[in-house]
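# Survey of secondary and tertiary structure
So the chains spell out like this:
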Amino acid sequence: MATAAAQLQRFHGARARSPGFWGMMLLIATEGSLFAYLLFSYFYLGSMATGPWPPDGPPSLKLVIPNTVLLLLSSGTMYWAESGIRRGLVGRLRAGLLATLVLGIVFLAIQGVEYSKKHFTPTTSAYGSLFFTITGFHGAHVFVGLLMIAVITLRAFLGHFRGGRHEAVTNVSWYWHFVDVVWLCVFTSLYLSPYLG
Amino acid sequence: MATVASPASDLALHERLLEHWETRPGLFGVFGTVDHKTIGKRYLVTAFVFLILGGIEASIMRLQLAHGDLRLVTPEEYNQLFTLHGATMIFWYASPVLSGFSNYLWPLLIGARDMAFPRLNAYSYWTFLLSGVFLYSSLLVGQAPDGGWFAYVPMTRAEFSPGLNLDFYALALILLTISTTAGAINFIVTVFKLRAPGMSINRIPILMWGTTTTSFAALFALPSLTVACVMLYLDRRFGTRFFDAAGGGHPLLWQHLFWIFGHPWVYIVVLPAMGIVSDALPTFCRRPLVAYTVVALATVTTGILGFGVWVHHMFATGLAPLAISFFSAASFAITIPSAIAVFAWIATIWHGRPVIRTPFLFMAGFIVLFVIGGVSGVATAAASFDQQLTDTYFVVAHIHYVLIGINLFPVAAGLYYWFPKMTGKLMDERLGRWNFWTMFVGFNLGFFPMHISGLLGMPRRIYTYPSGIGWDTVNLITTVGAFLFAVGVLLLVINVVRSRLRGAPAGPNPWDGPTLEWATSSPPPPYNFAVIPTVGSRHPLWEKRLEESGRSVLDEGPTLEAEKTTLETSPLDGQLTDVLHMPEDTLYPVLHALALMATFYGLLVRSTWLSVAGAVLVLALTIGWLWPTARALEEA
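## Examining the overall build of chain A
A tally of regular secondary structure across chain A gives six helices and zero strands. Each helix (α) and strand (β) of chain A, taken in turn from the N terminus, gives the series α-α-α-α-α-α. The C-alpha atoms of chain A give a radius of gyration of 21 Å, which is well past the 16 Å a tight globule of 197 residues would have. If one aligns the C-alpha atoms of chain A with their principal axes, the spans along those axes are about 75 × 40 × 25 Å. By residue count, 50% of the 197 residues in chain A fall in the buried class. A fraction of 79% describes how many contacts in chain A between residues 6 or more apart in sequence connect residues 24 or more apart. For chain A, the exposed surface amounts to about 8,800 Å²; the carbon and sulfur share of it is 70%.

Below is the structure:
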């Protein structure tokens, strides 16, 4: 029965999503759950609080709104880079990755500034513990995402990617978009929702 | 690229495939192998070592409780014993032992040459092993976890438990979740991408439905445990206030997070075991499983409903009656898919011609214990009744009927069933029967009376009780039964060791089984199948005798001998999509796991430099691991 070999020929070239892509999707699913449970904890303790929640009133939005815009922009530059290499544009890939890298680093730096302006610490109250743990977990994910981007930027300059071969770029871009979507959830929960009540 | 070969017994082909797939002998091979069969066997052996450790802890407890007012161990030692016993059995035995079966069997069941991510597979084993070593290293400093296996706050916060005990617990569990998550991702991608051509999703064995369901459940449930353990560790060592009522935290947050994870976990440690029975039982009934589709759907349904019942662990915490009613109803509902599986097994035996061998005995015993454990589960799902039973020995009886009945008995059946495949030797049938009856009688003698001591009001987790209040006899019977059961487990170990050394040769298919793993030699060659089969039905080896059946092709097809490759197929239909290059043996997984463990020891003793150095090493090794090989770049 030669069908298997014949099929091999037929399907060659029309490649399905790779196992690596599936692995990345499942990693995103489990990491997404992690943040869901963190936010569940935030809302649970908020609903159980006897005093005002957050204890010092809603957090300031002065730094966080521009920072959110920065992070969304970085998703745009990432998309620009990834769609570039899909068409074989290595220069656009390199430029887009570098821009994403810079935007991500600035995001972390601004978050650091915001931390230093807070009047509470992780040990002041459960709210403080939640605020720093949730934003800290997200920051750690941004940091890991930046490491990934740094590695594929290096690989882009080593000439590892071209039109039909850019799986690592695609996987990293999904991770980066995921980190941004998580930030929107964190931002909505921790910064915006207090203004609703 | 593939060639089409026939016949399969071509010796030159064997040599060429060995060249790519055989693990090199020596130390590098020991630590660097990515062969799923080696990893699967290591999982099984390691899980059994943990079973024996947990069994020793249980035996000491049963001696202490054999009579009232005994002073064999101190209360503090007793706390450590029951905590280690519970944590070991639930986390380091019950789930990993099933991962062992699945790791060993999956590629064989689907006609592949390895798992989708062989290096990740090795990594999940090493992190599993090292997380267990991490947990047990607590004994070296005499500070084993002592807060019970579910470690309720506030008792486990630093003010009431200042030692390292609960830090070992929290960090070891986080390490273990990393291992389990890696394994879950690997199982899911393997089942959806690596099945042999023609093996559509409705042709996979039920074990794969079980493990796939539990892998998804693990991906969504484990993060809850991770979050809980991170919070516990931060509360204890860095003074955060998550569970501190005085600081705006709440102790019930721990219980919610723990049980949101904990109840799906119950199904994680039973669904693959039920899958073992669904796949092995038909072989001994000489007919296919009754209602395959319904059993597969019941498996998935159970996995999903398992996320909606966690509050039944918290009926006594004073939650709103509406919440309690909802979760009570959901807990009743989840018995339906379980009952469906039970009826499918009974119908399979009823309509078959049962061949009573040791695996069959263990499976029949399992069905009995499953029903008893299920009934006591229905009892505790009734919120009003549960108020009386919470924290008594009735719950202890229930959990043991469920975990031993639905996990250990199918595991024993699975061992007897697949041992010939793994080793090429048959297990001793006579010793096997002694093994089964000792375990079955010992188990019921030991654990059934616990229902009674629970109804008499005996609380769990007390290190002794005054004699003469009517608890002595029932506890003595429990202790005698527990030791008889331990002898039964010992017989299993003896049978495994003895048969490994001088069992009768098994041949490729000693039980006349229907599925692909029996199509290759026992033990299978490193590359599993010389020819990748093309699957035409659910029972490739029974097609000749089953009338309405497709036709599989086992001895002709792609041989993929030019490089280390396996086939990739489409997720549902099993249509060929690509040829995948598989990684070589490598030390990255074991080194990565060691670096991760060093980081966790740094967190344990709060040594900044050790945790930072470990973390940097972890990141560096990750980059090295994922860096493309010269071959991958050449292809690009």
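## A short note on the overall build of chain B
The secondary structure content of chain B amounts to 20 helices and four strands. Against the globule reference of 26 Å for 636 residues, chain B gives a C-alpha radius of gyration of 25 Å, in line with a compact fold. Principal-axis analysis of the C-alpha atoms gives chain B an extent of 75 × 60 × 50 Å. Counting only residues that meet the buried cut, chain B has 63% of its 636 residues in that class. Considering only intrachain contacts with a sequence separation of at least 6, the fraction spanning at least 24 residues in chain B is 80%. A total accessible area of about 22,700 Å² is found for chain B, and carbon and sulfur atoms account for 69% of it. For chain B, the distance from the average site of its 36 positive side-chain charges to the average site of its 37 negative ones is 5 Å.

## Regarding the interface of chain A and chain B
The partner chain B presents 56 residues to the 47 residues of chain A that form the contact. In total, about 4,500 Å² of surface goes out of reach between chain A and chain B, with carbon and sulfur atoms giving 73% of it. Inspection of the chain A/chain B interface yields zero salt bridges. For the pair chain A and chain B, the interface holds seven residue pairs in polar contact (both at pLDDT 80 or more). Looking at the side of chain A that touches chain B, the elements that each hand over two or more residues are α1 (3–11), α2 (19–48) and α5 (126–157) of chain A. The greatest single-element share of the side of chain A that touches chain B, amounting to 17 residues, is contributed by α2(A). Counted by class, the side of chain A that touches chain B contains 27 nonpolar, 15 polar and five charged residues.

## As for the pattern of salt bridges
Residue and element names in this part refer to chain B. Counting across every chain of the model gives 16 salt bridges over all chains. A salt bridge links E429 to R357, with the nearest nitrogen and oxygen atoms 3.4 Å apart. Placement of the pair is E429 in helix α16 (residues 429–455) and R357 in the loop between α12 (335–351) and α13 (358–381), with a sequence separation of 72 residues. When the shortest N-O distance is used, the salt bridge between D428 and R498 registers 3.0 Å. Note that D428 is positioned in the loop between α15 (393–423) and α16 and R498 in helix α17 (residues 472–502), a separation of 70 residues in sequence. Taking the relative accessible area as the measure of exposure, D428 reaches 25% and is therefore partly exposed. One continuous salt-bridge network, built from bridges that share partners, spans R157, E159, D235, R241 and D244.

## Description of a nonpolar patch on the surface
Residue and element names in this part refer to chain B. Side chains of W437, V441, L445, L476, I477, V480 and L484 sit close together on the surface and give an oily, nonpolar patch of about 580 Å² of accessible area. At the level of secondary structure, the elements contributing two or more residues to the nonpolar patch comprise α16 and α17. Along the chain, V441 turns up in helix α16. On the basis of relative accessible area, V441 is assigned to the partly exposed category, the value being 42%.

## Some details on helix α8 (residues 251–268) of chain B
When the terminal C-alpha atoms of α8(B) are compared, their 26 Å separation across 18 residues agrees well with the 26 Å that a helix rising 1.5 Å per residue should span. Taken across its 18 residues, α8(B) has 16 buried, putting it largely inside the fold.

## Re the nonpolar core
Residues and elements named next belong to chain B. Counting residues in each nonpolar core, the largest one holds 240 residues, and the members touching the most others are F91, W92, F258, W345 and F409. At 20 residues, helix α4 (residues 75–110) tops the list of elements feeding residues into this core. In this view, F409 contacts F362, F366, L369, I404, F436, M439, F440, F443 and F485; residues no more than four positions away in its chain are not counted.

## Here we look at the packing of aromatic side chains
All names here are of chain A. Under the defined criterion, the tally for this structure stands at 76 aromatic pairs over all chains. Arranged with centres 4.9 Å apart and planes meeting at 70°, the rings of Y115 and F132 form a pair that is edge-to-face. Note that Y115 is positioned in helix α4 (residues 90–117) and F132 in helix α5, a separation of 17 residues in sequence. When its relative accessible area of 26% is taken as the criterion, Y115 is described as partly exposed.

## Brief notes about the confidence of the model for chain A
For chain A, per-residue confidence averages 92 on the pLDDT scale, and 92% of positions sit at 70 or higher. Note on residues 9–14 of chain A: pLDDT under 50 across the span, and five contacts to partners over four residues away in sequence or across chains.

## Description of unusual backbone geometry
In this structure, the amide linkage connecting W53(A) to the following residue, P54(A), adopts the cis form with an omega of -5°. Mapped onto the fold, P54(A) is located in the loop between α2 and α3 (64–86). Of the consecutive residues S522(B) and P523(B), the connecting peptide bond is found in the cis state with omega at -15°. Of note, P523(B) is situated in the loop between α17 and β2 (557–558).

## Examining the side chain of S138(B)
Residues and elements named next belong to chain B. As for its position among the elements, S138 is in the loop between α5 (118–136) and α6 (165–193). A relative accessible area of 0% places S138 in the buried class. Each residue touching S138, except ones within four places of it in the same chain, is listed here: Q143, A144, P145 and F168.

## Section: the packing of α15(B) against α17(B)
Residue and element names in this part refer to chain B. The interhelical angle for the contact between α15 and α17, taken along N-to-C directions, is 10°, at an axis separation of 11 Å. Overall, the two elements α15 and α17 adopt an arrangement that is roughly parallel. Every residue of α17 that contacts α15 at I404, L408, F409, A412, L415, Y416, F419 and T423 is listed here: F485, V489, L492, N495, V496, S499 and R500. Taken together, the residues of the contact of α15 with α17 sort by class into eleven nonpolar, three polar and one charged.

## Things to note about the side chain of S570(B)
With respect to the helices and strands, S570(B) occurs in the loop between β3 (565–569) and β4 (576–581). Those residues in contact with S570(B) that lie beyond four places of it in its chain are F192(B), R195(B), Q575(B) and T577(B).

## So, the pairing of β3(B)
For β3(B), the tally of buried residues reaches five of five residues, placing the bulk of the element in the interior. Connecting the antiparallel pair β3(B) and β4(B) is a turn made up of six residues, with G574(B) showing a positive phi of about 70°.

## Considerations on the environment of L120(B)
With respect to the helices and strands, the residue L120(B) is situated in helix α5. Placed 86 residues apart in sequence, L120(B) and V34(B) show a C-alpha to C-alpha distance of 8.5 Å.

Quick notes on the rules
- Every chain is numbered on its own, with residues counted from 1 as its sequence reads.
- To label them, take the chains in the order written and letter them from A, then take the ligands in the order written and number them from 1.
- Per-residue local features of the predicted model are confined to residues with pLDDT of at least 70, and side-chain atom pairs are confined, for both listing and counting, to 80 or more; whole-chain, interface and lining totals are unaffected and use all residues.
- Processing note: side-chain calculations cover all non-hydrogen atoms of the structure and skip hydrogens and water entirely.
- Here a helix means four or more residues in a row that DSSP labels H or I, a strand means two or more in a row labelled E, and each is numbered from the N terminus.
- This radius of gyration counts C-alpha atoms alone. The globule rule is 2.2 Å times how many residues there are, raised to the power 0.38.
- To sort residues, take the accessible area from a 1.4 Å probe on protein chains only and compare it with the maximum for the residue type: under 20% means buried, over 50% means exposed, and anything in between is partly exposed.
- Only heavy atoms matter for contacts: two residues are in contact if any of them lie within 4.5 Å across the pair.
- With residues, only the protein chains shown are counted as cover, and all accessible areas are computed by Shrake-Rupley using a 1.4 Å probe.
- For the charge count, each Lys or Arg is scored as positive and each Asp or Glu as negative, with His and the chain ends excluded.
- Taken as the charge centre is NZ of Lys, CZ of Arg, CG of Asp or CD of Glu, depending on the residue.
- Buried area: the accessible surface (1.4 Å probe) lost by two parts on joining, summed over both.
- We define a salt bridge as a side-chain nitrogen of Lys or Arg found within 4 Å of a carboxyl oxygen belonging to Asp or Glu.
- Whenever a nitrogen or oxygen atom comes within 3.5 Å of another N or O atom, the pair is scored as a polar contact, on the condition that within protein one atom can donate a hydrogen and the other can accept it, and that pairs from neighbouring residues in sequence are kept only if both atoms are in side chains.
- In this classification, Asp, Glu, Lys and Arg are treated as charged, Ala, Val, Leu, Ile, Met, Phe, Trp, Tyr, Cys and Pro as nonpolar, and every other residue, Gly included, as polar.
- Surface patches are drawn from residues lacking salt bridges whose relative accessible area is over 30%; two like charges belong together within 9 Å, two nonpolar side chains (Val, Leu, Ile, Met, Phe, Trp, Tyr) within 5 Å.
- Multiplying one less than the number of residues by 1.5 Å gives the expected span of a helix.
- Only buried Ala, Val, Leu, Ile, Met, Phe, Trp, Tyr and Cys residues count toward a nonpolar core, and they belong to the same one when joined by side-chain atoms within 4.5 Å.
- Only the six-membered ring of Trp is used, alongside the rings of Phe and Tyr, when aromatic pairs are assigned; centres must lie within 6.5 Å, and planes under 30 degrees apart are stacked while those over 60 apart are edge-to-face, with the rest tilted.
- Confidence scores labelled pLDDT are given residue by residue by the predictor and lie between 0 and 100.
- Axes, fitted as lines to C-alpha atoms, cover a helix only where it is in contact. Angles between the N-to-C directions of the axes lie from 0 to 180 degrees.
- Should an angle fall under 35 degrees it is called roughly parallel, over 145 degrees roughly antiparallel, and 65 to 115 degrees roughly perpendicular, with every other angle called oblique.
- Strands pair, by our definition, only if DSSP identifies at least two bridges between them.

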